[in-house]
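Close look at the chain arrangement
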Amino acid sequence: MIEFNDVSLVYPNGHQGLKDVNVTIEDGEFVVIVGLSGAGKSTFIRSINRLVTPTAGELKVGGDNILNYKSKGLRDLRTKVGMIFQSYNLVKRNSVFRNVLAGRLGHTGTVRSVFNFFSKEDKALAYESLKRVNIDEKIYSRADQLSGGQQQRVSIARVLTQKPNYILADEPVASLDPPTSHQVMKYLRRINKEDNITTIVNLHFIDMAMEYADRIIGMRSGEVVFDGPVSEVSEATFEEIYGRSIREDDLRGGAEDGEQHQ
Amino acid sequence: MANNINKPSLNDDRYAPLLSPWRAKAKLSLVFFIILFFLWYSSRTTGVDFGDLIMGFTNMGQIIDKLFPINMDVLAPAFDRLIETIHMAIIASTFSTIIVIPVSLLAANNITHNWFVYNATRLIMNILRTIPDVVLAVIFVGIFGTGPIGGIVALFIFSLGILAKLISETVEAIDMQPIEAMRASGANTIQSIAYGVMPQVAPQFTSFALYVFEINIRASVVIGLVGAGGIGQLLMSQFSFNNYGAVMTIILVIFVVVVIIEYISTKIREAII
Amino acid sequence: MTYEQPPKKHVPTQKKVKRISIATVILAMYIWTFMSIDIEWKEAFNRFASNYNVVVPQLFSPNWARAGEVIEKMVETVFIAYVGSLAAAILAVPLGFLSAINMTNSRILSTIGKWVLSAVRAFPEIILAIMFVVVVGPNPFAGILAIAIGSTGMLGKLYAEVLESIDMNVVEAMQANGANKIQIMFHGIIPQVIPEFLSYAIYRFEIDVRASTILGYVGAGGIGTMIFFAYSNRNWSDMGMILLVIIVVVTLIDYGSTYIRKRIV
């Protein structure tokens, strides 16, 4: 369970990233955060694994207030919270396998990992993760030889290898074309259901949010302005969240066809 | 040229310099004047004028008079000493490439966020790079006595300064996104460096290591002059005995070796990057 | 829960052989180096123990009494570098043109030019200085010649690269207008390359200041002469003063040169 109690965050430059946020996310939920860019979606997500640190309030992950964590506690928290990024964040010169194994770093001793001694179980787990996102035949390719959609699947495999309880995805499809975007969202959705991993995704595409989310949280200027199940959401809700009428570029489109498993 | 298909046009920007306004001309004249002034002043200080210089170039033929015929007797000892020079360069390059790893990380602002550590490391490295190789050699020969060890330490310090600058700049230019991902998955600093930084800088790192080996070969010649071992030491002793035939033989040996090593090193570096 | 192990990575035999042979060569090189280098570790350590206190504290307490003399010699050093660099900046122009393939349109000429330049670069400055000391005697003139020749090797190469990258459309247009070779050179080519030529010359001056500090060691003028005497007399506080002046002057020149180069390009 993730609990935001009156969480606020003011950046050193004075910008207010979060303002009195009160949100509770139950285990196993698939939550999509929507809002315009700069609305605080990214700050919200990055607070959960403390890539940014809120300046006021209480943020509990699994019952413990994570705002007090120092280095060791922080690393333990982060091994439980996997993260997926807009630009995949792979080491481009490394093989897919090595990138995926990097997901185990938090569970591996420093000396062992520096000398590349991963256990048999870790290697098998990394391979299994690649199979789950259907990219196992690229195991020894270099990451930069893969398409954007394939790289994002590798980054999902990296998170799976980490065996997290929570997955955060910060605009995971913003750099992808519509068919590939749907494919990536489907993998995230399937993993959420199969492994019961709480998943929080930032999106700015309304149609995708509606298609994949259980619950939608709308943000504007650092505040939560909507929070409810998908069934309660209508176009008017989005207009309220965005503070303007819906435009074509708020939609991703292209739901069904496109890049199938390759 | 045949491969330039684009037709040049008259409103091309590059025609602009032709119509230089008087201000640009004044500026150029000023620069020219400053250059000449320093030249005149330098000639006065050094006691050499530009005319001498032109004379000097025309008298180049004297080199042949004085330095030839070469003395082949010195060839065998020259080779022995040459091997020593190469060994010194290998050892110094190896140690400096190992030590430069932590140093260059401390001198990279995307890895070291501590303002003091970052600036202190950079300052020390910048100072090291201003010290001429011969001065380093003199100091370390003073400390360790004549022989290769003083030379090796001098070369090590000398190449450390150069490498630290080159490699910390490479580290500062890497893609930080994978490192963010590793931090987000609970990896510690050393792990993020080993998995995120090292693979990204490995090719340049190897290339710079070879480059520094090249530099060390040349520098070890210089360093030998002050008694720090190697072929430079032999060169200096023949030079001080006015044994010019032998001096020229040694110079030719050095020349050949430098050319060969540069050639090999360039080929390897081209293959890596 | 156990999962299947990943398949082994397939490495072609040729690649394996290549890797093993590279590893063997490197290993052999190190064994050869460490087996044959003649270092008396124990003696070196003893000398270190006894000399450390003689050398290092003195280095850090420079002899200010000689500051004036040292600065004077350093100024001479900078002027040696200046005249040498200037001569090289001029000498390198014809050699650069000769080596640039788009200027001569002759493979033979440009290859010869490039060979000459790289041959010159292969001589460390101090070796050139020794040669010129033999020819013209031990004075700053020898140093200037050494710097001039050594720098020509590098500047000529850089100039040729600049020339090879210029926009030839301008030249073609001028040819079409009936301009002669000299006119093309001064109105079509020189304006394009002047900023880069200048910038490289100033950069080379930076290097030359460092290089000329050592020339005096073989008698070719400048502060190197003082290094030689301080070392011969084991006068480490003089050496400290020399070192301090070199560090300050070289740093100042580096900053100045970087500033000017940024403004030019």
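All of the points below concern the structure found in this document.

Core analysis: the largest hydrophobic core is formed by 131 residues, its most contacted members being B:Val138, B:Val226, B:Leu235, C:Ile127 and C:Ile227. Among the elements that take part in this core, helix 7 (residues 148-172) of chain B stands out by supplying 13 residues, more than any other. Setting aside its immediate chain neighbours within four residues, B:Val226 contacts B:Val134, B:Ala137, B:Val138, B:Val141, C:Tyr217 and C:Tyr231. Among the nonpolar cores identified, the runner-up in size contains 56 residues, and A:Ile84, A:Ile135, A:Met185 and A:Ile197 belong to it.

All names here are of chain B. Tallied over the full model, the rule gives three cavities of 30 Å³ or more. Taken as a whole, the largest cavity holds about 50 Å³ of empty space. Ile101, Ser104, Leu105, Ile167, Val171, Val197, Met198, Val201 and Phe205 together form the lining of the largest cavity. Listed by contribution, the elements that provide at least two residues to the lining of the largest cavity are helix 4 (75-106), helix 7 and helix 9 (189-224). Take the lining of the largest cavity: its biggest share by element is four residues, from helix 9. Here the lining of the largest cavity is composed, by residue class, of eight nonpolar, one polar and no charged.

So, about the interface of chain A and chain B. Chain A puts 29 residues into the contact, and the matching count from chain B is 20 residues. Summed over both sides, the interface between chain A and chain B buries roughly 2,100 Å², with carbon and sulfur atoms accounting for 56% of that surface. Among the salt bridges present, the one from B:Glu180 reaches A:Arg46, with a minimum N-O distance of 2.5 Å. Our count for the chain A to chain B interface comes out at 12 residue pairs in polar contact (both at pLDDT 80 or more). Secondary-structure elements contributing two or more residues to the side of chain A that touches chain B are helix 2 (71-80), strand 6 (81-84) and helix 4 (110-114) of chain A. Residue classes in the side of chain A that touches chain B are distributed as 10 nonpolar, 12 polar and seven charged.

What follows covers the pairing of strand 4 (residues 56-61) of chain A. Residues and elements named next belong to chain A. Looking at chain direction, strand 1 (residues 2-10) and strand 4 are connected through five bridges and run antiparallel. Counted as the bridge partner of Phe4 is Leu59 from strand 4. Taken together, the two bridges between strand 4 and strand 5 (residues 64-65) define a ladder with antiparallel strand orientation. Paired with Val61 across the two strands is Asp64, which belongs to strand 5. Remark: two residues form the turn of the hairpin made by strand 4 and strand 5, two consecutive strands paired antiparallel; Gly62 in that turn has positive phi of roughly 60 degrees.

Residues and elements named next belong to chain B. Packing of helix 10 (residues 231-240) against helix 11 (residues 244-272) leaves a shortest axis separation of 8 Å and a crossing angle of 160 degrees. What the angle tells us is that helix 10 and helix 11 run roughly antiparallel. Note that helix 10 runs across helix 11; the crossing there is left-handed. Contact residues: helix 10 offers Ile231, Leu234, Leu235, Gln238 and Phe239, while helix 11 offers Tyr244, Ala246, Val247, Ile250, Ile251, Val253 and Ile254. Per-class residue counts for the contact of helix 10 with helix 11 are 11 nonpolar, one polar and no charged.

About the cut-offs
- Residues numbered from 1 in each chain as written.
- Chains lettered and ligands numbered in written order.
- Predicted model: local features only at pLDDT ≥ 70, side-chain atom pairs only at ≥ 80, totals over all residues.
- Heavy atoms only, no water.
- Core = buried A, V, L, I, M, F, W, Y, C linked by side-chain atoms within 4.5 Å.
- Buried < 20%, exposed > 50% of the residue type's maximum accessible area, 1.4 Å probe, protein only.
- Helix = DSSP H or I, 4+ residues; strand = E, 2+ residues; numbered from the N terminus.
- Contact = heavy atoms within 4.5 Å.
- 1 Å grid on protein atoms, 1.4 Å probe; cavity = no way out; pocket = protein on both sides within 12 Å on 5 of 7 lines; lining within 4 Å.
- Points joined across faces, edges and corners; volume = space filled by probe spheres on them.
- Nonpolar A, V, L, I, M, F, W, Y, C, P; charged D, E, K, R; others polar.
- Buried area = accessible area lost by both parts, 1.4 Å probe.
- Salt bridge = Lys/Arg side-chain N within 4 Å of Asp/Glu carboxyl O.
- Polar contact = N/O pair within 3.5 Å; in protein donor to acceptor, adjacent residues only side chain to side chain.
- Pairing = 2+ DSSP bridges.
- Axes fitted to C-alpha atoms, helices over the stretch in contact; angles between N-to-C directions.
- Parallel < 35°, antiparallel > 145°, perpendicular 65-115°, else oblique.
- Left-handed = near helix turned anticlockwise from the far one by under 90°.

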